Each structure stands twice: as structure tokens, then as C-alpha cells.
Amino acid sequence: MTPLTESQIRASLINVTKSERSGMTLPTEFTSTEWGALDFYGARDRKLPLVGYVVVELDGAPTGLLLRQAESKPRLRAQCSWCADVHLPNDVVLFAAKRAGDAGRRGDVVGTLVCDAFQCNANVRKLPPLAYSGFDREAARTARINAMRDAVEGFVRSVRDGL
């Protein structure tokens, strides 16, 4: 992913009000982000524990969302919709995003189950176990990375385009 500044992340958010945009706070470790290992940027707001931000490159430009975590967690162990990791080392929670534009102002939201601290980038880069003799583990990892990228981009597009 192309490195982004805090102001670029703020400007990329498509489903926020002016006060939400100005009130966002990125994590303290933002300056040490390893952009080369990311297909999307995801972070929790350090002052608002139930708020997160996700930014992907869509059509050559960063496009971001503000997400709100549901107050209750799923009762059963859920699978992340983005990384689809079956051996998750972390929790999965329900995030909701207001749709962009008039639909969002009317209260229309879209939800998805995602790793609680957006660990998806790291999860899909783990080398999968050998499934059978001759299994191409690198190809499987590449396929997982591409599938995650498509899932995240699809979610952001659904918020942006109202699909």
C-alpha cells in the first residue's frame, strides 16, 4: 500500500461528518506503520474504543471508512469476512459503517465481521500448512492475500456506492 499521512487518511474518509473527521485520533504507533506489508490500513481510534478506520486504494485514490464496533461480541467464535482465517489468534467483532451520502444520513448502514484490531493483513501472510503432497503453499498465500484485498475493496465499494 502507498504510504499515507494522517491528513490523507482524514481526507479519504467518505462516510463521516466534519466533526467526526476532525475528532479522529490515530494510534500512537501510526508513524511506524510498515506500509509495504499492508493491502489496507486499519486502526482503532485511540480515544474512542468502539471506533475504527479502514483505508484502501480504490480507483487509484485512498478511500476510507469510519467503522463502529457493535457493543456486544458474537456468542460463537466468528470467522473474519476479510481474511477468512480459520486459525485466528485474535477476536472477530461486528463493525458497522454508515453508507456514504444521503443513504448514510438517513441511517443506512452496512455491517461485517472483521478481526478486532484489523490483523487481517498479517493473518493472510502466514504460510498455510501443507494440505497435501505437492500443495503450493506460496500460491495459496497469494490467493488468500488477493481474496482479502477483494473482500475489503468490495465492502468499501458497497458503502461508497450503496450496493
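This text gives an overview of the structure that appears in the document.

**Thoughts on the sheet that holds strand β2 (residues 51–58)**
Then, number 1: Strands sit in the order β1-β2-β3-β4-β5 across an open sheet of five strands; the sheet is antiparallel. Looking at the sheet topology across the chains shown, the edges are occupied by β1 (41–44) and β5 (109–115). Strand after strand, the sheet turns through a mean of 30 degrees between neighbouring axes, direction not considered.
Then, number 2: Bridging between β1 and β2 involves four bridges; their strand directions are antiparallel. Within the sheet, the bridge partner assigned to Arg 44 lies in β2 and is Gly 52.
Then, number 3: Packing against the sheet, helix α5 (residues 137–161) makes contact with β2, β3 (61–69), β4 (92–98) and β5, and its axis sits at approximately 100 degrees to β2.

**With respect to the packing of aromatic side chains**
Then, number 1: As enumerated under the stated definition, the model contains seven aromatic pairs in all.
Then, number 2: Both rings, one in Phe 95 and one in Phe 118, keep their centres 5.1 Å apart while their planes meet at 20 degrees; by these two values the pair is stacked. Of this pair, Phe 95 sits in strand β4 while Phe 118 sits in the loop between β5 and α4 (120–125); the two residues are 23 residues apart in sequence, bridging distant segments of the chain. The burial state of Phe 95 is the same as that of Phe 118; both residues are buried.
Then, number 3: Here the aromatic cluster, defined as three or more aromatic residues joined through ring pairs, consists of Phe 30, Trp 35 and Tyr 41.

**Concerning the layout of surface pockets**
Then, number 1: When its volume is computed, the largest pocket comes out at roughly 370 Å³.
Then, number 2: Lining the largest pocket are 17 residues, with Thr 33, Leu 38, Tyr 41, Gly 42 and Phe 118 positioned closest to its centre.
Then, number 3: At the level of secondary structure, the elements contributing two or more residues to the lining of the largest pocket comprise β1 and α4.
Then, number 4: Of the residues in the lining of the largest pocket, the class split is ten nonpolar, four polar and three charged.

**As for the nonpolar core**
Then, number 1: Membership of the largest hydrophobic core comes to 26 residues, with the highest contact counts inside it found for Phe 40, Leu 67, Cys 80, Trp 82, Phe 118, Cys 120 and Phe 155.
Then, number 2: The biggest single contributor to this core is α5, with six residues.
Then, number 3: Residues Leu 13, Val 16, Met 24 and Trp 35 belong to the second largest nonpolar core, which totals 15 residues.

Calculation rules
- Residues numbered from 1 in each chain as written.
- Predicted model: local features only at pLDDT ≥ 70, side-chain atom pairs only at ≥ 80, totals over all residues.
- Heavy atoms only, no water.
- Pairing = 2+ DSSP bridges.
- Helix = DSSP H or I, 4+ residues; strand = E, 2+ residues; numbered from the N terminus.
- Axes fitted to C-alpha atoms, helices over the stretch in contact; angles between N-to-C directions.
- Contact = heavy atoms within 4.5 Å.
- Phe/Tyr/Trp six-rings, centres within 6.5 Å; stacked < 30°, edge-to-face > 60°.
- Buried < 20%, exposed > 50% of the residue type's maximum accessible area, 1.4 Å probe, protein only.
- 1 Å grid on protein atoms, 1.4 Å probe; cavity = no way out; pocket = protein on both sides within 12 Å on 5 of 7 lines; lining within 4 Å.
- Points joined across faces, edges and corners; volume = space filled by probe spheres on them.
- Nonpolar A, V, L, I, M, F, W, Y, C, P; charged D, E, K, R; others polar.
- Core = buried A, V, L, I, M, F, W, Y, C linked by side-chain atoms within 4.5 Å.

Distances and angles like these do not, on their own, reveal function.
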